[in-house]
Amino acid sequence: MGSVADKIAKKILSSRGSKVVDLAGWREGRKMAVEAGFDDDGQTLGKFAGLEPCHSLYAMGQNVASLMAETVSGMREAKGYVRIAGNAEDEYMPSGPPMSPLTVSYFTMWALFDVRFGSSRETMGSCILRIAPEFDSPSWLMDAIERMQQSRMGFYVHCGSEGDGVLLREVGTREVVSCRVPAGYEGSDGEVWFVRLLPPPHGLCRHHIVFITPYVIRDYPERAFVDYLERELARMKAKKPPRADDAHAHLMKYGPDPNHWNEYIFCAYSGHRREAIFLTGIPDIRQSLPHASAYR
């Protein structure tokens with residue numbers, strides 16, 4: 001039968017010379033990528049929209065992926081995706097505080113790379129990765145989208161700074177990585193952040209990238225999140241063990257349900273400033289979440 005991505009790829013490829021599928025978004029995305037000024041390894045380091053060079057490669061990749069996703073979203077095979085992402089957009093109105101604690105950057109990454117649909121449980125990112133080589137897309141773009149597809153949200157402990165980087169360690173682990181925070185938030189030792197990290201895109205970049213505005217959790221220490229994750233993983237295992245080698249990574253990427261992390265951000269919001277958004281509470285302790293209610 002083939003995967004949903006295979007079916008979408010076959011339909012798009014067979015429609016190149018017809019109007020069965022509107023390929024305008026796909027062609028515009030590829031054109032934008034070709035004209036971006038990055039070489040095959042993404043090492044031109046040209047700036048995109050005034051961003052820091054290493055961040056700019058991922059920002060461009062996200063923009064191109066969004067354009068390409070417009071084509072896929074209009075296809076019958078992606079109706080499950082449209083339902084999940086569309087309902088979430090209506091529910092959480094992503095824009096950024098004070099309108100919504102779900103920022104556009106957070107929501108776009110979730111919609112492109114974490115929302116699974118179809119019988120083969122594809123994401124929009126996996127569909128793009130299946131189709132893009134057929135359109136001779138630049139290798140740097142494929143690499144960037146692959147890294148974004150593999151990325152996920154995570155709870156991290158602030159471990160100080162080193163040069164121009166912030167040191168973060170995922171809760172319950174020992175590995176510390178140096179990160180650039182394009183949003184400009186420096187934070188302080190011991191804070192727990194809820195963020196999506198992207199690895200250095202190439203050898204000239206020394207830091208991971210905190211790709212979204214940091215969600216900084218107030219009043220709860222690392223231990224509270226270690227305990228929470230243990231409870232959540234136990235519930236997942238009892239209900240239906242994930243088909244993944246790393247159950248923790250599966251939980252942080254997909255949640256127990258598609259809107260799990262969206263709902264947490266929405267219910268835990270406690271304030272913001274330009275460089276950071278503040279949350280409080282533990283996802284499965286409803287009385288700890290300021291905007292949780294019986295209705296939600």
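Details of the structure are given in the entry above.
Quick summary incoming for the structure in this document. Computed from a predicted model, the values in this text were never measured in an experiment. The written sequence of each chain sets the order in which its residues are numbered from 1. Local features in this predicted model are restricted to residues whose pLDDT is 70 or higher, and side-chain atom pairs enter the listing and the counts only when it is 80 or higher, whereas totals over whole chains, interfaces and linings include all residues. Hydrogens and water molecules were not included; the side-chain quantities draw on all heavy atoms of the structure.

### Here's the deal with the packing of aromatic side chains
Formally: The aromatic pairing rule takes the rings of Phe, Tyr and Trp, using the six-membered ring of Trp, and pairs them if the centres are within 6.5 Å, calling planes under 30 degrees apart stacked, those over 60 edge-to-face and the rest tilted. Strands here are runs of E lasting at least two residues and helices are runs of H or I lasting at least four, both read from the DSSP assignment and numbered beginning at the N terminus. Categorising residues by exposure relies on relative accessible area from a 1.4 Å probe, with only protein chains included: less than 20% of the type maximum marks a residue as buried, more than 50% marks it as exposed, and the intermediate range marks it as partly exposed. Two limits define a charge over a ring: the Lys NZ or Arg CZ must be within 6 Å of the ring centre, and within 35 degrees of the ring normal.
Applying the stated criterion across every chain yields a total of 15 aromatic pairs. Ring centres of F107 and W110 lie 5.1 Å apart, and the angle between their planes is 45°; on these two criteria the pair is classed as tilted. Within this pair, F107 and its partner W110 are both found in helix α5 (residues 104-113), separated by three residues, close to a single helical turn. In this pair, the class of F107 matches that of W110, namely buried. Where Y228 meets W261, the ring centres are 6.4 Å apart and the plane angle is 85°; that geometry is what we call edge-to-face. Placement of the pair is Y228 in helix α8 (residues 222-239) and W261 in helix α10 (residues 260-268), with a sequence separation of 33 residues. With a relative accessible area of 0%, Y228 lands in the buried category. A relative accessible area of 4% places W261 in the buried class. One aromatic cluster is present, formed by F155, F194, F225, Y228, W261 and Y264 through successive ring pairs. Over the ring of Y254 we find R116; its NZ or CZ atom is 4.0 Å from the centre of that ring.

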